[in-house]
Amino acid sequence: MRSLRDVAVVGFAQDTAVKDRDRNEVEIISPVVREAVERSGLKRRDIGFTISGSCDYLAGGPFTFVSGLDAAGAWPPVKESHVEMDAAWALYEAWVAIQTGDVDSALIYGFGKPSLGDLHEIWTLQTDPYTVATLWPSMVDLAALQADVYLSSSGRSDRDLAEVAVRSLRNAQRNPYAVVSEDVSVDELLGRPVTHRPLRDTDIAPITDGAAAIVIAADDIAKRVCERPAWIRGIEHRVDPQHLGLRDLATAPSAAQAAERAGVNDGAIDVAEIHAQFSHEELILREALGLADGVDVNPSGGPLTSNPVMATGLVRIGEVAGRIMDGRAGRGVAHAAQGPCLQQNLVCVLEGSN
Amino acid sequence: MTRFVENSIVFPYKRSLGPVIGAFMTGLTEQRILGIRSGDQVIVPPLEWDPQTGAELDPDGMVEVGPAGTVESWTWVPAPSEQHPLGHPFAFAFIRLDGASTPLLHAVDTGAPDALRVGARVAPRWRGSRVGHIGDIIAFVPGEQPEVDGPDSGPAEAPVTMMDYNASITYRNPVPPVLDRLREASRDQRIIGQRCPVCERVYSGGRGYCPIDAVELGEEQDVDLPHTGTITNFTIVTPVQYPGQTETEPFARVFVLLDGTDVILPYQPVVELPVGEVRVGKRVAAAWAPPNDDIDDAGAMGGAYGHLIGWIPSGEPDVEDPDLVNRIF
């Protein structure tokens, strides 16, 4: 959807750890929300809408997202909402709320503490409950099947996967929020064991506890509080069928549709942050988004090096916005995914100049 | 050292199957795999709706496929989880059954990964006793001929309409330091709260942050709370025997407003107070477990309140205040 009102990212913060043992979710979120609000230049009480993205299965309790609200400060009462999705979808809802004219600014946060349970099995619960979830293919099992489909139909090899992993791990060396990073060669990496054929551990996103928060604001507010706001030029999301057999898993049609509708290729792209939790997903998504070969993809290291579940997609938007706000990039695209084998995709185009 | 509490959550789903998945499951008990026609396609497992148009598909258009098929893609599972279909290493594969337009996800049992390749022909190994569940196929095995594991007890006597699905997830929760501090204090019969340095509200139960001001609360914010109070609200729970429920008789949970404070302790158990005598305004005092008793970490009350086992009638006259019932926060 194209915007009726100009809306921009004006503040972003994140925090991650391999296992955040001593802090509960609220204690992880609180400083992140505070930092994002401070950076936005807005006062907490002046932000019109608050919305989060999280997954109750991660903590194993009903309505755990409600306690998450304690981190955002909800008294006196605030307008509030929640999505059981990556917080990138919460940002979409906030963007729609601003489009309606109902509010002029919003705080969005996402959080996940997957170290408490078995993330890869928990994601099995989002598959078809009759004929798929009952066999308990883990998220990694399904991704490995998709990788096998992709490699055999594209003619690519695990060397292509290793190249994605190597670049991600190198980029992560400059990202303080990456939980793994390494300077390793493709050949060295190819010498390591294949753990989930055809994937190696470096092709699989690491378990990461963390949170992220973004503040967005409309029109004049964004211009007033931010020297160089990251304007949302297009934002769209689409979904593919749940039945895994109905899709050509070597492609991501819903990502391509979302990218087209968001106007990714209406201008040159300087930077892309892509929610690829497996190396082959980056290759599939590059094609779906129509990215040129020279585009700088996941300069942060991406989800292969830092994957705070339910915030990972929001971090992509934050990473692109951060590069626009500090002048390193002029126009960029952020992508978020949810569901098995890239079932659901959100694409957000951000730009510096007004 | 951080302590952990481990707990497994079981989701004992019972799912109704409807006309299409029900027929598919009934077919499995008959050692038949059914797909459904959608235009030129045969979709396996079947769907109730055309995925392109949303139009209802005709359950009479169900057709048998397989039983043998071709492996289209696969991955190896070297260390199966407890919930995986096989206890030894196996493959997950997309299998295009003969006559089907879409691949079916299932396990393939070849013993070793080098025995499997794309294009391999496989057929189902049926469970001898079948109930109408995707697990009625233990796995697919190399070859063209289906086989049955053990004595064959035959198809279901009536159409299968329901399915059990017992999902289970295990969590290891770290115990926050503030909870340990409160539990230790409870051994000395102290109830610790924490006072927010901004708004001065006092919180109980080891919350660790003020939700009004969104600030973290540390040890320096600890305060001792009184041991007497008044019941402001209550519920009588008649236990339903869901998995994990240990109570068998109706029991009370009460909200206690501590004297001289704004602190409400929610969902507290009562001691020596029959459910028929629980009422708003009733005066109560803290009841403590002996200091050397072990306290159950996983219990609803054990984690936060430690040796405080509940609230006992103090014998004082009731408080008559119509606003009391509104004090639940």
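Residues numbered from 1 in each chain as written. Chains lettered and ligands numbered in written order. Predicted model: local features only at pLDDT ≥ 70, side-chain atom pairs only at ≥ 80, totals over all residues. Heavy atoms only, no water.

A negative phi angle characterises most non-glycine residues, just as the trans form characterises most peptide bonds. Cis geometry marks the peptide bond from A:Arg197 to A:Pro198; its omega dihedral reads 0 degrees. Following the sequence through the fold, A:Pro198 ends up in the loop between strand S5 (194-196) and strand S6 (199-200). Cis geometry is found at the peptide bond from B:Val44 to B:Pro45, where omega equals -10 degrees. Its location among the elements puts B:Pro45 in the loop between strand S3 (41-43) and strand S4 (62-65). The phi angle at A:Leu342 is positive, at roughly 60 degrees, despite the residue not being glycine. Here A:Leu342 shows up in the loop between strand S11 (331-338) and strand S12 (344-351). Residue class for A:Leu342 comes out buried when judged on its relative accessible area of 2%. You will see that B:Tyr267, though not glycine, has its phi angle at about 55 degrees, which is positive. (Helix = DSSP H or I, 4+ residues; strand = E, 2+ residues; numbered from the N terminus. Buried < 20%, exposed > 50% of the residue type's maximum accessible area, 1.4 Å probe, protein only.)

The next point concerns the confidence of the model for chain B. Should the pLDDT be low somewhere, the predicted coordinates at that spot are not to be read in detail. Averaged over all residues, the pLDDT of chain B equals 89, while 97% of them reach at least 70. Predicted complex, confidence summary: ipTM 0.92, pTM 0.90. (pLDDT = per-residue confidence, 0-100.)

Right, let's get into the packing of aromatic side chains. Each aromatic ring pair is characterised by the separation of its centres together with the angle its planes make. Taken as a whole and assessed by the stated rule, the structure comprises nine aromatic pairs over all chains. Between the aromatic rings of A:Phe63 and A:Phe65, the centroid separation amounts to 6.0 Å while the plane-to-plane angle is 45 degrees, which identifies the pairing as tilted. Here B:Tyr13 and B:Tyr165 contribute two aromatic rings whose centre-to-centre distance is 5.9 Å and whose plane-to-plane angle is 25 degrees, an arrangement assigned as stacked. Of this pair, B:Tyr13 sits in strand S1 (residues 4-16) while B:Tyr165 sits in strand S11 (residues 162-174); the two residues are 152 residues apart in sequence, bridging distant segments of the chain. Taking relative accessible area as the criterion, B:Tyr13 reaches 26% and is therefore assigned partly exposed. For B:Tyr165, a relative accessible area of 5% corresponds to the buried category. (Phe/Tyr/Trp six-rings, centres within 6.5 Å; stacked < 30°, edge-to-face > 60°.)

Quick look at the pairing of strand S2 (residues 49-53) of chain A now. Residue and element names in this part refer to chain A. Most of S2 is tucked away, with five of its five residues classed as buried. Both faces of S2 are covered, namely the face carrying Phe49, Ile51 and Gly53 and the face carrying Thr50 and Ser52. Two elements, S2 and strand S4 (residues 105-112), share five bridges in a ladder whose sense is parallel. Paired with Thr50 across the bridge in S4 is Leu107. (Pairing = 2+ DSSP bridges.)

Counting residues in hydrophobic clusters, the biggest one holds 107 residues, and the most contacted among them are A:Leu289, A:Leu291, A:Val333, B:Met25, B:Ile33, B:Leu97 and B:Phe140. Element by element, the count of residues in this core is highest for helix H6 (residues 139-154) of chain A, at ten residues. Residues contacting A:Leu291, with those up to four places away along its chain left out, are A:Val264, A:Ile269, A:Ala272, A:Ile274, A:Arg286, A:Val297 and A:Val333. (Core = buried A, V, L, I, M, F, W, Y, C linked by side-chain atoms within 4.5 Å. Contact = heavy atoms within 4.5 Å.)

Counted at 1.5 Å a residue, the expected span for helix H12 (residues 312-325) of chain A with its 14 residues is 20 Å, and the 20 Å between its end C-alpha atoms agrees. The buried fraction of H12(A) is high, at twelve of 14 residues. (Expected span 1.5 Å × (residues − 1).)

Right, let's talk about the environment of B:Ile137 for a bit. Residues and elements named next belong to chain B. With respect to the helices and strands, the residue Ile137 is situated in strand S9 (residues 137-142). Residue Ile137 is classed as buried on the basis of its relative accessible area, which comes to 2%. As for Ile137 and Leu28, which are separated by 109 residues in sequence, their C-alpha atoms are 7.8 Å apart. Sequence-distant contacts of Ile137, defined by excluding residues within four places in its chain, comprise Leu28, Ile33, His106, Pro124, Arg125 and Trp126.

Here we come to the sheet that holds S2(A). Residue and element names in this part refer to chain A. Here we have ten strands laid out as an open sheet, ordered S3-S2-S4-S7-S1-S8-S12-S11-S9-S10, and mixed in their pairing. Unpaired on one side and paired on the other, strand S3 (80-83) and strand S10 (296-297) mark the two borders of the sheet. Where helix H1 (residues 25-40) meets the sheet, it contacts strand S1 (7-17), S4 and strand S7 (209-218), and its direction lies at approximately 145 degrees from that of S1. Against the sheet, H12 touches S1, S4, S7, strand S8 (230-239), strand S9 (271-273), S11 and S12, its axis set at about 120 degrees to S1. (Axes fitted to C-alpha atoms, helices over the stretch in contact; angles between N-to-C directions.)

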